[in-house]
Amino acid sequence: MKKHTSQEHANSSWFTKPSTTRLSLPDLAGMDQDQWIDVKHELSAGEQRAAMARTVHSIRADGRIEPNLEQVGVAEVLAYLVDWSLRDEQGKSVPLNESALKALRVDAARAIEDTVRAHVAAVAEAAKKASTGTTSLLV
């Protein structure tokens, strides 16, 4: 078993720390430029389980899981999203909720999903590198 110094204990935590990251959305044809989303840096175990649970429609008697196809992609995005810069055609801020996500154009929804997934992958990669002692260029 590895022994830790008191400084290592002071810097480590078994709990998520609430923090957000602002991510730029890609420029899409026919849309306002310079759009962004604010996402949680990481999910807690409960938030991650809740997002996964939303993607399950039912569990069959034989143990097979029937997916909730309406929630695939949406559940993870909703778990991470905190705020966004999106506005309606009149320039009013659009509230961030499931209905708004479902009302997006397909390419816009995909851009948000891809941006969230890239963030999740980058955080996981940074955590992996930190645990092995290697350095990362991620900010």
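Chemist: Break down the pattern of salt bridges for me, with residues and values.
Modeler: Side chains that differ in charge, positive against negative, can pair when their charged atoms come close. Under the definition given, this model contains 11 salt bridges. For the salt bridge of Glu 76 with Arg 117, the shortest nitrogen-to-oxygen distance reads 3.9 Å. On the criterion of sequence distance, the pair formed by Glu 76 in helix H3 (residues 74-80) and Arg 117 in helix H5 (residues 106-132) is long-range, its members being 41 residues apart. Here Glu 76 falls in the partly exposed class, since its relative accessible area comes to 29%. Taking relative accessible area as the criterion, Arg 117 reaches 38% and is therefore assigned partly exposed. A single salt-bridge network, built from bridges that share partners, covers Arg 54, Glu 70, Glu 98 and Lys 102.

Chemist: Kindly report on the packing of aromatic side chains, identifying the contributing residues and their values.
Modeler: Two measures describe an aromatic ring pair: the distance that separates the ring centres and the angle between the ring planes. This model, assessed by the stated rule, comprises zero aromatic pairs. Its guanidinium or amino end placed over the ring of Trp 36, Arg 22 lies 3.5 Å from that ring's centre, counting from NZ or CZ.

Chemist: Residues and numbers for H5, please.
Modeler: When the terminal C-alpha atoms of H5 are compared, their 39 Å separation across 27 residues agrees well with the 39 Å that a helix rising 1.5 Å per residue should span. Among all positions of H5, only Ala 108, Ala 109, Ala 111, Ile 112, Glu 113, Thr 115, Val 116, His 119 and Val 123 are buried. In this fold, the buried residues of H5 make contact with strand E1 (20-24), strand E2 (36-40), H3 and strand E5 (81-84).

Chemist: An account of the environment of Arg 49 is needed here, citing residue identities and associated values.
Modeler: Structurally, Arg 49 can be placed in helix H2 (residues 45-54). Residue class for Arg 49 comes out exposed when judged on its relative accessible area of 57%. In sequence terms Arg 49 and Ala 79 are 30 residues apart; their C-alpha atoms lie 9.9 Å from each other.

Chemist: Tell me about the sheet that holds E2, and please be specific about residues and values.
Modeler: Ordered by their spatial adjacency, three strands build an open sheet running E1-E2-E5, and the pairing between neighbours is antiparallel. The open sheet is flanked by E1 and E5, the only strands paired with a single partner. When the angles between neighbouring strand axes are averaged without regard to direction, this sheet yields 25 degrees. For E2 and E5, the ladder comprises three bridges, and the chain directions are antiparallel. Residue pairing for E5: Ile 37 is matched across the bridge by Trp 84. The sheet strands contacting H5 are E1, E2 and E5, and the helix crosses E2 at an angle near 40 degrees.

Rules behind the numbers
Residues numbered from 1 in each chain as written. Predicted model: local features only at pLDDT ≥ 70, side-chain atom pairs only at ≥ 80, totals over all residues. Heavy atoms only, no water. Salt bridge = Lys/Arg side-chain N within 4 Å of Asp/Glu carboxyl O. Helix = DSSP H or I, 4+ residues; strand = E, 2+ residues; numbered from the N terminus. Buried < 20%, exposed > 50% of the residue type's maximum accessible area, 1.4 Å probe, protein only. Phe/Tyr/Trp six-rings, centres within 6.5 Å; stacked < 30°, edge-to-face > 60°. Lys NZ or Arg CZ within 6 Å of the ring centre and 35° of its normal. Expected span 1.5 Å × (residues − 1). Contact = heavy atoms within 4.5 Å. Pairing = 2+ DSSP bridges. Axes fitted to C-alpha atoms, helices over the stretch in contact; angles between N-to-C directions.

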